[in-house]
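Report on the structure
Here is how the chains run, residue by residue.
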Amino acid sequence: MRLGLKRSLQVIFALSPVLIAATFALQRSVASEPYHTDHTHEWSGIAEYGARPVENVEKGSRFKSYLLAPASDVGQWSPLYNWPIVAVHGTLLPNGKILMWDVEKNSTTTAQVWDPATNVFTPVPLYPTSLFCSAHLVLPDGRVFLNGGHFMQNKYGTRFTHLFDPTNNTWTRMADMAYARWYPTSLVLANGRIITFGGSITPTQNAVIPEIYDPTTNTWTAFTNSPNDVGLYPKIHIMPDGRIYVVRAVDWGSYIFDINTGSWTRLSKTPNYFTSISYAPGRVLFIGKGTGAATTDLNMATPSWTNVAPMAYPRYNPNPIVLPDGNVLVMGGSADGTNNPATAIMMPEMWNPTTQTWRQLTPMQHPRMYHSIGILLPDGRVLSAGGGHSTDSPADYFSAEIYSPPYLFRGARPTISSAPTATNTGATITVGTPDAANIKSVVFIRQPSLTHALNMGQSFLPATFTRGTNSLTVSVPANANLMTPGHYMMFILNNNDVPSVARIVRVGGTGSGSPPPTATPRPTNTPTPLPTSPTPTATPIGSTSVTLQVSSTGNDVNEVNGALQPSNYVVWLGTGASTTTSYTGLRFTGVNIPRGATIVSAQLQVYSPMASTASISLQIAGERAANSPVFSATSRPSQRSLTNARVNYNTSAAWSANTWYTVSDVSSIVQEIVQQSTWASGSSLSLILRGTGQANAFRYFAANEAINYYGDGVNRAARLVINYRG
């Protein structure tokens, strides 16, 4: 009978203080050094970040006694290190650094680039936008592609596409998708284009149309005749023949999508597993939720399922990583799907695809559950970081730890003395190494990009080779459907399965260079041209026209249940509970209208960045002030003194994406404001919008911050067009 871990530790502690001392000795720290090349000894990872290693307060030192097995069998963890963010998303860059970002805070994506070689963090925030719960991967040219995400707190998807250039740490907004997507999954195709599936548009509507992005033309093309509701973060893998294997997240139905015809072929329903990873050409491992595991063979015309030995622990939100020796490491997760540290699975497991069996390793120190990452580094270690920042998270883990797999303790590692930086599928390359006579295998592993237990980049491709004198002649895998263009870590492994430090090689595609034009063109499948201004409004004879626009942060805010929410992309109206406690404040500055002027018309015009269909009812008022101040937490829209004049706005008509709309004529409100005895030309005025309709009734108005950041010549903030006399 196998003893539980807690009971086993009690037995160990009761039996022998000497044994305990020996266990602690195994935890010694050897020199901290980046990207290790010699692992004949045990070592403890990277240099500290800003503070001493974090103490393992969750599990204490009781796990240390589990490490009686040598590191060559179970591996070893570094100490915990403080990090500046909770790493929710992470991508390995072609330069060996890690791009990672946290949940959106204060309308800013708190992104950082971490250099494992120096342990230096470089802030690369993106403001104002949301990359939280997006899809991301590395393009063939080395830039990071990101699509989707959601507006802060309301769980409505975005249509945004961004590129991150690691050569200068800059962000560029690209063409919008046709459909908003929160929790989409994306995949690089053999031609270098990116296909994306799934995600949600609103909390009750999923994106059912796949789309393909072309980086060379900066355009999206939608398969409008190929709907399939595949849910949030569906599991997708490219097949050797170029078709796409898709497992729906809504019911775990499996499908094959043919990108040439846009047709779907339904297969048998798959087991209900949490995540998947490609561990060999055309082979996929599915794990999670329970302890079960299964594989599928995409080399077959009709893939089938094979159950394999179960894991020791049930896991929700685990992070799977394919290692250079072909084994699959599974870290973290929780036993019940919650973020309660008491249910955290601290014990990693490793699956051997040859024996199709699992073995337990050595426990991690911090829970890594929802919103954590696990990324293979070019030196063969594995980064584990993050976890938290969700409504049921009792703790947020601003920490990281580095796992050294068992192969790093089995003798000296081979070295790569020379290798090309770029090649093509099917090419033959020469790899210099003084260890050529003892090399057992050469493998290519695509740059990983992981979030929410889903690795959208990593794949494992062995290569054939012949040995020479101090060199290897390596045949790069020829199937571009499996070795899609992009950057790969190339490892050589010796007869003990000890990997070298990888060389990062670009296969196919072109290197990083000048990005495409930063202007955002209209997606090719969007029939309505993107307007640069609202429909012109005729100026009445004998009157003067002024156009005002929200111009800065603090002038367009949301307030829900007394909490101020500065907008990131939009101002909106509605909450999950009631619209009557939801306000929007729009402040217009520099209103050059003289006191006592006659207001002929005043149109509130807003830009709809996405389609909206919900019926809404709201009331518009103005602030009765001679010079309206900026909105703040202590001066919210609900706290303002309002005009007697009010305008009601009700609509059930659908709004289209990328279109300007006139909400109401608010001339009576503006008239009351400029008639005040203390009003002076050049002052500021504010409009206050309050929901009066049903809950969850949203209409999006594009906000100012996005205009200032993107500078694309399309001014999308709310406008107030006033005609007056006098």
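Here's a quick rundown of the structure. Fair warning: this is a prediction, and the values are worked out from it, not measured in the lab.

1. Focus on the sheet that holds strand 12 (residues 194–197)
Taken in spatial order, the 4 strands line up as 11-12-15-16 in an open sheet, and their pairing is antiparallel. Both edges of this open sheet fall to strand 11 (185–188) and strand 16 (219–222), since each of them pairs with a single strand only. For this sheet the average axis-to-axis angle between neighbouring strands, irrespective of direction, equals 25°. Of the strand pairs in this sheet, strand 11 and strand 12 are connected by 4 bridges, and their pairing is antiparallel.

2. Here we look at the pairing of strand 16
Looking at chain direction, strand 15 (residues 211–214) and strand 16 are connected through 4 bridges and run antiparallel. The partner of E211 across the bridge, within strand 16, is A222. Hairpin geometry of strand 15 and strand 16 is characterised by an intervening segment of 4 residues between the two adjacent antiparallel strands and by a positive phi of about 55° at N218.

3. A few points about unusual backbone geometry
At N218, a position not held by glycine, the phi torsion is positive, near 55°. Along the chain, N218 turns up in the loop between strand 15 and strand 16. Judged by its relative accessible area of 4%, N218 falls in the buried class. For D497, which is not glycine, the phi torsion reads 60° and is therefore positive.

4. Overview of the sheet that holds strand 37 (residues 460–467)
Judged by pairing direction, the sheet is mixed, and its 7 strands sit side by side in the order 32-40-39-34-37-38-33 without closing on themselves. Each end of this open sheet is capped by a strand with a single partner; those strands are strand 32 (422–423) and strand 33 (428–432). Across 2 bridges, the pairing between strand 32 and strand 40 (residues 503–507) is parallel. Paired with A422 across the two strands is R506, which belongs to strand 40.

5. Looking at helix 4 (residues 667–674)
Among the 8 residues of helix 4, 7 are classified as buried, and the element is accordingly described as predominantly covered. Residues of helix 4 that are buried: S667, I669, V670, Q671, E672, I673 and V674. Considering only its buried residues, helix 4 is in contact with strand 46 (598–608), strand 47 (616–622), strand 48 (647–651), strand 49 (659–665), strand 50 (683–691) and strand 52 (719–725).

6. A word on the side chain of R173
Along the chain, R173 turns up in strand 10 (residues 170–173). Taking relative accessible area as the criterion, R173 reaches 4% and is therefore assigned buried. There is a polar contact of 2.5 Å between the side chain of R173 and the side chain of D176.

Rules behind the numbers
- Residues numbered from 1 in each chain as written.
- Predicted model: local features only at pLDDT ≥ 70, side-chain atom pairs only at ≥ 80, totals over all residues.
- Heavy atoms only, no water.
- Pairing = 2+ DSSP bridges.
- Helix = DSSP H or I, 4+ residues; strand = E, 2+ residues; numbered from the N terminus.
- Axes fitted to C-alpha atoms, helices over the stretch in contact; angles between N-to-C directions.
- Buried < 20%, exposed > 50% of the residue type's maximum accessible area, 1.4 Å probe, protein only.
- Contact = heavy atoms within 4.5 Å.
- Polar contact = N/O pair within 3.5 Å; in protein donor to acceptor, adjacent residues only side chain to side chain.

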